[in-house]
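Spelled out from the first residue to the last, the chains are:
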Amino acid sequence: MSTTTVTPYRSAVHVGRDGFAQLLRAEWTKVRTVRGWSIGLVLAALLTVLFGVLAAVGGQISCGGGPDGSGSKSGAACRQVPPLGPDGEAVSDSFYFAHQTLAGDGSITARVTSLTGLYSTHGGIEVDAGTAGMTPGTQPWSKAGIIVKENTTQGSPYAAMMTTGSNGVRMQYNYTRDIAGEPGMASAASPQWLRLTRSGDTVTGYDSVDGVHWTEVGTAVLPGASSTVQVGMFAAAPNYTVTSQGFGTASAVGGPTLTTGTFDDVSLQGASAAGTWTGTAIGSDSPRGQLLAQAEQVQQSDGAFSLTGTGDIAPASGQGSGRPVEQSLVGAFAGLIAIIVVAAMFVTAEYRRGLIRLTLAASPRRGRVLAAKVVVIGVVAFVVGLVAAAVALPLGDHLAYNHGSYLLPVSSLTKARLIVGTAALFAVVAVLAVAVGTLLRRSAATVTLVIVAIVLPYILAVASVLPSGVAEWLTRLTPAAAFAIQQSLVAYPQVTANYTPANGYFPLSPWAGFAVLCAYAALALGLAVYQLRRRDA
Amino acid sequence: MSQAPSVEPRALTTSTRRADLDREPCAGRTRWRETLHAEWTKLRTLPGTIWLVLAITVLTLAVSAAASSSVTCPTVDCNQDPGKISLAGVELGQAVAAILAVLAVSGEYSTGMIRVTFTAMPRRTTVLAAKAALVSGFTLIAGSVAVLGSVLVARLVMPGHGFTAAHGYRLLSPTDGAVLRAAAGSVLYLALIALLSLGIAALVRDSAVAIGLVLGLLYLSPIIAGVVTDPHWHSRIERYAPMSAGLAIQATRNLAALPIGPWEGLGVLAAWAAAALLTGGAVLRLRDA
Amino acid sequence: MEATIEVSGLRKRFGPTTALDGMSFTVEPGQVTGFVGPNGAGKSTTMRVILGLDAADEGTALIGGRPYRDLRHPLSHVGSLLDAAALQPSRTARNHLLWLAHSQGLSARRVDEVVEQAGLGTVIRRKAGGYSLGMRQRLGIAAALLGDPPVLMLDEPFNGMDPEGIVWVRGFLRSLAAQGRAVLVSSHLMSELEDAADHLVVVGRGKVIADAGVADLIAAASGDRVTVRTTARTPAMTALANAGATVAVTGPDTLTVSGLAAQDVVTHLNSSAVPFSEISAHRATLEEAYMELTREAVEFRAATVGEGAEEVSR
């Protein structure tokens, strides 16, 4: 018997390094070679843009017209542009102003001895009725005090010291800034002293309980202020609103308010032109202004002034003053559903026909297989989301503008955050779907669970179906919190407004909300890795 | 080598012959009964079915109870609709009803068993009709339990949250016409969602795609309606989208303010379901299995 | 009703691919008909068309003279097994048969009968998802038997079976045919069919290449050759050549003789007193006969195999 030496077989096929890059490439090949998935990904982008466009075109603004609808206009003719503040943001700027001209540096001091108010709970403004039927009482942010304002144009820079309904003394300037001073409410027994000192374009605010000991509250810079400014006393009161959200309906009960501040010991130092006070109702060309025309007045007796005003000097609250730019990204929901379907199938298809065994035979380190899947689907979804949002946002906003909407101005940094945030949202949701798919192995259950977890809380919270308290918790605790990343509006504590998810305000900051979703995805992913390692394939 | 089959086939006599094999007048009805029986056995013997039916009940009830106990009515006429609140869980329950329906079709396509089914029962539309009857039947039962429980919870909880006679609210009672309509309508709503899902599943076959389509169709409309400010388009969406129209059936107060009447709204959903089933049935007939 | 399958002129295209190109044949009762051909030749598509699952662009497929979709209780006209894996894994095997029985108005007792016939026994109450391929084939055969049909059509029933199972299926098919049923069995392993089929329908590129009895096919491929085993090779060659035969040496002690019947070979060797240990008619294998027939029709040669020829016809 002859002995032959057997040379062990050596493959001539070149094998690459056993690296993570190989896995990524394999998974990428899997994604792109299933035609249905490619279609799904393209569809995700198209739906995002399409619904954004539909929402923009459906946002047609109509205005004017009599009760019979005749003479009504629509589109660009109806666009209402709110006053813009020094930073380009939309602002409310209407109040009653008793003012003098101040040329150069100087200061104003006043003592506020009372702050009273009236409010209407009936909603509509009945001009003829005047103040009859209004209820006495101030609003939390009813305000009266002293102000230095560049001019009487709406939106011009200002700095003010004021006493408020229930927020104590505040220094506010340039609409968005707010600094707290002495607490408590002004009354005859405990009056509040306010002072503003102007030096160049810098205004410093002080308060005092006795007119002797002054405390600096804050310093404001009035950008581009000329040497001549208006200085004086003001009174303003934001509308009384109580919004109740019923199922399917949100209704605001509220109405106009009036605030009356009483001042004495008013002194003005510096180069004053006339020495007499001029009363001007800023922003009085509104229905509210007509109510004011009857009520608003300056009474002067024995060096004491009583000013009555309404309106607010504050950043505009989103709803009502214009269209938030992110409404053009509403299609992201449709896109997300498509992404969820593709991402879920990316995993569950492996289980359906046992492909997972081949996959795990080709790369037995299961955690790395899942990691490769997650990276590939995450990057793909990110790119899809980025392209979709980068098209949908400017296109939708452009169309909405042409249809008469006023777009609330936002910085380009914010726009970039909206677009990148939407892309990140796509990526993390896709990762979540892959993780849940690995856990459940069933596509129907996976798709439903992920859609329900992300979209349903949003609907319950935003589409006016739950009271706002519950809505806020939903948008804080569920994966739907992540939609905060699409919020361009800023909520200000010094503004009484309906800061609810239904109005586009999420309780968490954009990145914090997004982090909630990331936490869910990370948790699901951790469980998925654990289960994938532990379970038989 | 080719010796002795281990089991020698005996004379194959079918032990139980169907009684009415050739009685033609009854053939249609018998075929329907047999198809229904087969589909019933199929659904019954899948372990997932019972869990899904339970999930419809439990999830609907849980969300309804959570909603009922989270809403308060501090003032007179606080603009809340206790009927609608008490049935809020339907918004989640419908997703499970959709899974049940989608799996009844897609589960067979994904395994290839649909060919066995159509070999045994070549009348494909009859098969779809049987599935429709069973899936809607299961949903009706699960929905009835859930809705009854939801109303009961609301009845116990809501008076403590200010929904009192003093605030203008009567105790929720199934004998109240509007409440009865809302409750019965919600059960029908769930069944119609199941039928809509079944039709869509017959159309697209794949479970993930089908469920994505169904949930997109349902959940997107309120979101889109939220940003469409044009009153015509807004009300069109609310009147013709399956979820917002169908859920009009849950309103028990302030009916005049609804974009569409309760029964008309449910009718719109029924039209959606019918369209989906008819299209699905036609595609099922025409396409190769 | 006649126990036949009649297929005539079936044509079907899937996009650019022609799956069926005038497929015509008839399956007669009382015999096992093998349905063979290379991958992608159109076997599965033909079976799906016969069962009314796919619609042909042209042509008809009749069971006992009627289109499948017109059959009342189709499983009592034709029992079929297309894909043994086509079942929902979480259902038990018995419940799988039960819903099928219910669809035909049959009772659970009939299920127990076919379970016993298919040799499934106690495992029947386990989830079908846990079955091996061989067990699934038995389950599929049980399903095909449910309606006690005069016609049976099985696609690759030997797949995944162990040797004992293959022997069982062969015998089972023969006994079913012996009861007067028409049995159509597709396969691409000729050795499996060799002892089971009486008749062969060989297809390639969507049409029938040969439709003949197994014995005829083998005879045609065998020619009338005779194998002689002898230690006296040279005298034997001389004797037979003198008798007019053509003799070839095919081994150290074997000769293949053509041009003489086996009986004549014996006579001539005896008369020349040449010793021999064995004389047998040379028999070609079915494999050889098949390869001969399909040489032309093989669409997917080795180099191009791998793209899943079966998928093309789906």
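Reading guide: rules and limits
Numbering of residues begins from 1 in every chain and follows the order in which that chain's sequence is written. Chains and ligands are labelled by the order in which they are written, letters from A for the one and numbers from 1 for the other. Note on the predicted model: pLDDT of at least 70 is required for a residue's local features to be given, and 80 or more for side-chain atom pairs to be given and counted; whole-chain, interface and lining totals, by contrast, use all residues. The helix and strand labels rest on DSSP assignments: H or I over at least four residues marks a helix, E over at least two residues marks a strand, and numbering proceeds from the N terminus. Using C-beta atoms placed from the backbone, we call a residue buried if 20 or more other C-beta atoms fall within 10 Å of its own, exposed if 12 or fewer do, and partly exposed for counts in between. Working definition of a contact: two residues with C-beta atoms, positioned from the backbone, lying within 7 Å. Note on pairing: DSSP must find at least two bridges between two strands before they are called paired. Each axis is a line fitted through C-alpha atoms, and for a helix only the stretch in contact is used; angles between axes span 0 to 180 degrees, taken between their N-to-C directions. Roughly parallel refers to an angle under 35 degrees, roughly antiparallel to one over 145, roughly perpendicular to one between 65 and 115, and oblique to any angle outside these ranges. Two helices that cross are described as forming a left-handed crossing if the nearer one is turned anticlockwise from the farther one by less than a right angle, and a right-handed crossing if clockwise. Note on residue classes: Ala, Val, Leu, Ile, Met, Phe, Trp, Tyr, Cys and Pro are nonpolar, Asp, Glu, Lys and Arg are charged, and everything else, Gly too, is polar. Where each domain begins and ends follows an automated or database-derived domain assignment. Think of a nonpolar core as buried Ala, Val, Leu, Ile, Met, Phe, Trp, Tyr and Cys residues chained together by C-beta atoms that fall within 7 Å. Looking at any residue, its pLDDT shows the predictor's confidence there, from 0 to 100.

**Some remarks on the overall build of chain A**
Consideration 1: Within chain A, the regular secondary structure consists of 11 helices and 20 strands.
Consideration 2: Taken across its 537 residues, chain A has 51% of its residues classed as buried.
Consideration 3: Excluding contacts between residues fewer than 6 apart, the proportion of contacts in chain A whose partners are at least 24 apart in sequence is 76%.

**A short note on the overall build of chain C**
Consideration 1: Across its full length, chain C holds 11 helices and 14 strands.
Consideration 2: Overall, chain C is about 75 × 45 × 40 Å in size when its C-alpha atoms are taken along their principal axes.
Consideration 3: Within the span of chain C, comprising 314 residues, buried residues form 46% of the whole.
Consideration 4: Look at the contacts in chain C between residues 6 or more apart in sequence, and 71% of them connect residues 24 or more apart.

**Structural notes on the sheet that holds strand β12 (residues 246-251) of chain C**
Residue and element names in this part refer to chain C.
Consideration 1: Read from one edge of the open sheet, four strands run β12-β13-β11-β14, paired in antiparallel fashion. In this open sheet, the two edge strands, each paired with only one partner strand, are β12 and β14 (278-281). The sheet shows a mean angle of 25 degrees between the axes of neighbouring strands, taken without regard to direction.
Consideration 2: The pairing of strand β11 (residues 225-229) with strand β13 (residues 254-258) spans five bridges and is antiparallel. Within the sheet, the bridge partner assigned to V228 lies in β13 and is L255.

**Observations regarding the packing of helix α8 (residues 412-440) of chain A against helix α9 (residues 443-462) of chain A**
Residues and elements named next belong to chain A.
Consideration 1: At a minimum axis distance of 9 Å, the contact between α8 and α9 shows a crossing angle of 140 degrees. Taken together, the axis directions place α8 and α9 in an arrangement best described as oblique. As for how α8 packs across α9, the hand of that crossing is right-handed. Residue-level inspection shows V429, L432, A433, V436, G437 and L440 of α8 in contact with α9, the latter providing A445, T446, L449, V450 and I454.
Consideration 2: Each residue belonging to the contact of α8 with α9 can be placed in one class, and the counts come to nine nonpolar, two polar and no charged.

**Section: the interface of chain B and chain A**
When the parts come together, some accessible area is lost, and that loss is often what is quoted as the size of the interface.
Consideration 1: Counting residues at the interface gives 37 residues for chain B, matched by 41 residues for chain A.
Consideration 2: Elements represented by at least two residues in the side of chain B that touches chain A include exactly α2 (47-70), α3 (82-86), α4 (90-111) and α8 (207-227) of chain B.
Consideration 3: In terms of residues, the side of chain B that touches chain A owes the most to one element, α8(B), which gives 14 residues.
Consideration 4: Each residue belonging to the side of chain B that touches chain A can be placed in one class, and the counts come to 23 nonpolar, 10 polar and four charged.

**Overview of the sheet that holds strand β1 (residues 5-14) of chain C**
All names here are of chain C.
Consideration 1: Sheet architecture is open: four strands sit in the order β2-β1-β4-β5, paired in antiparallel fashion. Where the open sheet ends on each side, the last strands, each with one partner, are β2 (17-27) and β5 (66-67).
Consideration 2: By the bridge criterion, eight bridges tie β1 to β2 in an arrangement that is antiparallel. When the bridges of β2 are listed, F14 appears paired with T17.

**A word on the pairing of strand β12 (residues 215-221) of chain A**
Two faces, one strand: in a regular strand the side chains alternate between the faces of the sheet.
Residues and elements named next belong to chain A.
Consideration 1: Direction of pairing for strand β11 (residues 202-208) relative to β12: antiparallel, over a ladder of six bridges. Along β12, the bridge assignment pairs V203 with A220.
Consideration 2: Taken together, β11 and the strand that follows it, β12, pair antiparallel across an intervening segment of six residues, in which G211 is found at a positive phi of about 80 degrees.

**Looking at the interface of chain C and chain B**
Consideration 1: Opposite the 44 residues of chain C that make contact, chain B presents 38 residues.
Consideration 2: Of the residues that constitute the side of chain C that touches chain B, the class distribution is 18 nonpolar, 15 polar and 11 charged.

**What about the pairing of strand β4 (residues 95-119) of chain A?**
Residue and element names in this part refer to chain A.
Consideration 1: Relative to strand β17 (residues 278-282), β4 is paired through five bridges, and the arrangement is antiparallel. Among the inter-strand pairings, H99 is bridged to a residue of β17, identified as T278.
Consideration 2: Relative to strand β13 (residues 228-236), β4 runs antiparallel, the two sharing eight bridges. Residue pairing in the sheet places F97 in a bridge with F234 of β13.
Consideration 3: The pairing of β4 with strand β10 (residues 192-199) spans seven bridges and is antiparallel. Within the sheet, the bridge partner assigned to I108 lies in β10 and is L196.
Consideration 4: Here β4 runs beside strand β5 (residues 135-136); their pairing, made up of two bridges, is antiparallel. Note on β5: the bridge partner recorded for L118 is P136.

**Focus: the domain arrangement of chain C**
Consideration 1: Splitting chain C by domain gives domain 1 (5-214 + 287-306) and domain 2 (224-281).
Consideration 2: Each of domain 1 of chain C and domain 2 of chain C was reduced to a C-alpha centroid, and the two centroids are 44 Å apart.

**Remarks on the nonpolar core**
Consideration 1: Residues A:I339, A:I340 and B:L100 are the most contacted members of the largest nonpolar core, which totals 341 residues.
Consideration 2: Broken down by element, this core gets its largest block of residues, 19 residues, from helix α7 (residues 177-204) of chain B.
Consideration 3: Setting aside its immediate chain neighbours within four residues, A:I339 contacts A:A44, A:A381, A:V384, A:F426, A:V429 and A:A430.
Consideration 4: In terms of nonpolar packing, the next biggest core, distinct from the first, is built from 13 residues, C:V226, C:L240, C:V257 and C:L269 among them.

**Some words on the confidence of the model for chain A**
Consideration 1: In the predicted model, chain A carries a mean pLDDT of 82, and 84% of its residues have values of at least 70.
Consideration 2: Predicted confidence in chain A is weakest over helix α3 (residues 287-295) of chain A, with a mean pLDDT of 48, and strongest over α8(A), with 95.

**Focus: the environment of A:V383**
Residues and elements named next belong to chain A.
Consideration 1: Structurally, the position occupied by V383 is in helix α7 (residues 366-402).
Consideration 2: Among the residues examined, V383 registers 15 C-beta atoms within 10 Å and is labelled partly exposed.
Consideration 3: Sequence separation between V383 and L41 is 342 residues; the distance between their C-alpha atoms is 9.9 Å.

**Describing the packing of helix α5 (residues 332-352) of chain A against α7(A)**
Residues and elements named next belong to chain A.
Consideration 1: Their axes nearest at 11 Å, the elements α5 and α7 cross at an angle of 160 degrees. In this view, α5 runs roughly antiparallel relative to α7, as classed from their interaxial angle. Here the hand of the crossing between α5 and α7 comes out right-handed. In contact with A332, G335, I339, A343, F346 and V347 of α5, α7 contributes K373, I377, A381, V384, A388 and A389.
Consideration 2: A breakdown of the residues in the contact of α5 with α7 according to their chemical character gives 10 nonpolar, one polar and one charged.

**Let's talk about the environment of C:G180**
Residues and elements named next belong to chain C.
Consideration 1: Mapped onto the secondary structure, G180 falls in the loop between α5 (163-178) and β8 (182-187).
Consideration 2: A C-alpha to C-alpha distance of 8.1 Å links G180 and A3, two positions 177 residues apart in sequence.
Consideration 3: When residues no more than four places from it in sequence are discounted, the contact partners of G180 are A3, P29 and G30.

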